[in-house]
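Listed below, chain by chain, are the residues.
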Amino acid sequence: MRLLPLALLLLAGCDTITGTSSEAVALMDRLDGVWTRTVTTERITADGAVIAEGSPRTDAYEVGRQIRCNRITLDSVADTDRVSVAFDPTNTAVPRDCAIITTDGTASRLIFIGDAGSLVEDLVATIEEDSRERQVWAFYAFDGGETVRTLWTLTR
């Protein structure tokens, strides 16, 4: 039930967060459907070296205007936002990781509203590749003097 406040936040503030540009609408239309998502993490050191961290993991990732998330159904409220869910396609009994996503006015970044159920913390991804068949999104975080880059590669 933690997603209900997220949905309310989106309903109350989506017009102030998103643009209404045709690029944003086209991006959201391209994202609709089920993808295979591969998540990889890299550490970028102060001297510029890039070091892989951990093993890549793969799951299913669905994006749409209406998504079943655990025991509730979430609806998007505008053409420039969507609901998304990550899940293990081989074990549908496991709770699903749901999010509300929107884009900036230039359709160059995705914004995950209220990341991990937080009403005050959004997560932003830079879109590195954008097509109907392949998406690559980069998330950046800082860890001391180093940067951690997490890449989501979505393919159909």
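See the structure printed just above.
Residues numbered from 1 in each chain as written. Predicted model: local features only at pLDDT ≥ 70, side-chain atom pairs only at ≥ 80, totals over all residues. Heavy atoms only, no water.

Peer 1: Any chance you could break down the packing of aromatic side chains for me, citing the residues and the numbers?
Peer 2: Considering all chains together, one arrives at seven aromatic pairs under this definition. Here Phe 139 and Trp 152 contribute two aromatic rings whose centre-to-centre distance is 4.7 Å and whose plane-to-plane angle is 50°, an arrangement assigned as tilted. Linking Phe 139 in strand β9 (residues 134-143) with Trp 152 in strand β10 (residues 146-155), this pair joins segments that are 13 residues apart in sequence. Side by side, Phe 139 and Trp 152 carry an identical accessibility label, which is buried. By way of ring pairs, the aromatic residues Tyr 61, Phe 112, Trp 137, Phe 139 and Trp 152 are connected into one cluster. Between the NZ or CZ atom of Arg 96 and the centre of the ring of Phe 87, over which it lies, the distance is 4.2 Å. If you follow Arg 156 out to its NZ or CZ, it ends over the ring of Trp 35, 3.7 Å from the centre. (Phe/Tyr/Trp six-rings, centres within 6.5 Å; stacked < 30°, edge-to-face > 60°. Helix = DSSP H or I, 4+ residues; strand = E, 2+ residues; numbered from the N terminus. Buried < 20%, exposed > 50% of the residue type's maximum accessible area, 1.4 Å probe, protein only. Lys NZ or Arg CZ within 6 Å of the ring centre and 35° of its normal.)

Peer 1: Would you mind going over the environment of Val 39 in detail, with residue names and values included?
Peer 2: Note that Val 39 resides in strand β1 (residues 33-44). Since its relative accessible area comes to 7%, Val 39 is described here as buried. Along the chain, Val 39 and Arg 57 lie 18 residues apart, while their C-alpha atoms are 5.4 Å from each other. Val 39 has contacts with Ser 55, Pro 56, Arg 57, Thr 150, Leu 151 and Trp 152, leaving out every residue within four places of it along the chain. (Contact = heavy atoms within 4.5 Å.)

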